[in-house]
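Listed here are the chains, written in short residue letters.
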Amino acid sequence: GAPTHGPTRAPTRESQKECQFFFSELSDVENVPYIEIKSTCPGKTISRDLSVVSWKEYGLSCSVSLKGVVVPDDGFIIICANKIQHQHEYGGYKNIGGKW
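Here the structure is a predicted model, which is why all the values come from computation and not from measurement.

Our next topic: the packing of aromatic side chains. Summed over the entire model, instances satisfying the criterion amount to 0 aromatic pairs. Residue placement shows K38 over the ring face of F76; its charged tip is 4.7 Å from the ring centre.

Now the structure itself:
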């Protein structure tokens, strides 16, 4: 469904302790979006309804639900158009003799 115009419920003190998220990098180079989110809860599964919603200048949008996502051990959640391409370009993978 469409995003709501406001929060669906107020955060509680307990939900605020659960896990915090900070946008640490936003990019849209050559129409290839990339979002990096730093979390305070590495290794935990996000159990609450939490979505990242993006709007572009022409009104196009996309929504990515984070509910059920396990936060990687480094605490960073990466949202990008092509995971494999991103890993090869930024994740330290190297092409040696045609093998990644």
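Membership of the largest hydrophobic core is limited to 10 residues, which are C19, I35, I37, C41, I46, V52, L66, V71, I77 and I79. Listing elements by their share of this core, those giving two or more residues are β2 (32-39) and β5 (76-80). Discounting chain neighbours no more than four positions away, the residues touching I79 are P33, Y34, I35, I37, V52, V64 and L66.

According to the stated counting rule, one finds 1 salt bridge in the structure shown. Notably, a salt bridge pairs K67 with D49, separated by 3.3 Å at the nearest N-O pair. Here D49 lies in the loop between β2 and β3 (51-55) and K67 lies in the loop between β4 (61-65) and β5, a separation of 18 residues in the sequence.

Time to look at the side chain of E36. Position of E36 among the secondary structure elements: in strand β2. Nearest to the buried, unbridged E36 among oppositely charged side chains is K38, at 8.8 Å. There is a polar contact of 2.8 Å between the side chain of E36 and the side chain of S24. Among all residues touching E36, those that are not within four sequence positions of it are F22, F23, S24, E25, F76, I77 and I78.

If you trace the 3 strands from one edge of the open sheet to the other, you get β1-β2-β5, paired in antiparallel fashion. Each end of this open sheet is capped by a strand with a single partner; those strands are β1 (21-29) and β5. Averaged over all pairs of adjacent strands, the angle between their axes in this sheet comes to 15°, without regard to strand direction. As judged from the 8 bridges shared by β1 and β2, these two strands associate in the antiparallel manner. When the sheet's bridge partners are listed, E25 is paired in β2 with E36.

Moving on, we come to the state of the cysteines. For the structure shown, the criterion picks out 1 disulfide. Between the sulfur of C19 and that of C41 lies a disulfide, 1.6 Å long from S to S. Taking the torsion about the sulfur-sulfur bond, which here is approximately -50°, the covalent link between C19 and C41 counts as left-handed. You can see C19 sitting in the loop between α1 (13-18) and β1 and its partner C41 sitting in the loop between β2 and β3, a full 22 residues away along the chain. A relative accessible area of 6% means that C19 is categorised as buried. Judged by its relative accessible area of 4%, C41 falls in the buried class.

Quick notes on the rules
Residues numbered from 1 in each chain as written. Predicted model: local features only at pLDDT ≥ 70, side-chain atom pairs only at ≥ 80, totals over all residues. Heavy atoms only, no water. Phe/Tyr/Trp six-rings, centres within 6.5 Å; stacked < 30°, edge-to-face > 60°. Lys NZ or Arg CZ within 6 Å of the ring centre and 35° of its normal. Core = buried A, V, L, I, M, F, W, Y, C linked by side-chain atoms within 4.5 Å. Buried < 20%, exposed > 50% of the residue type's maximum accessible area, 1.4 Å probe, protein only. Helix = DSSP H or I, 4+ residues; strand = E, 2+ residues; numbered from the N terminus. Contact = heavy atoms within 4.5 Å. Salt bridge = Lys/Arg side-chain N within 4 Å of Asp/Glu carboxyl O. Lys, Arg positive; Asp, Glu negative; His and termini not counted. Polar contact = N/O pair within 3.5 Å; in protein donor to acceptor, adjacent residues only side chain to side chain. Pairing = 2+ DSSP bridges. Axes fitted to C-alpha atoms, helices over the stretch in contact; angles between N-to-C directions. Disulfide = S-S within 2.5 Å.

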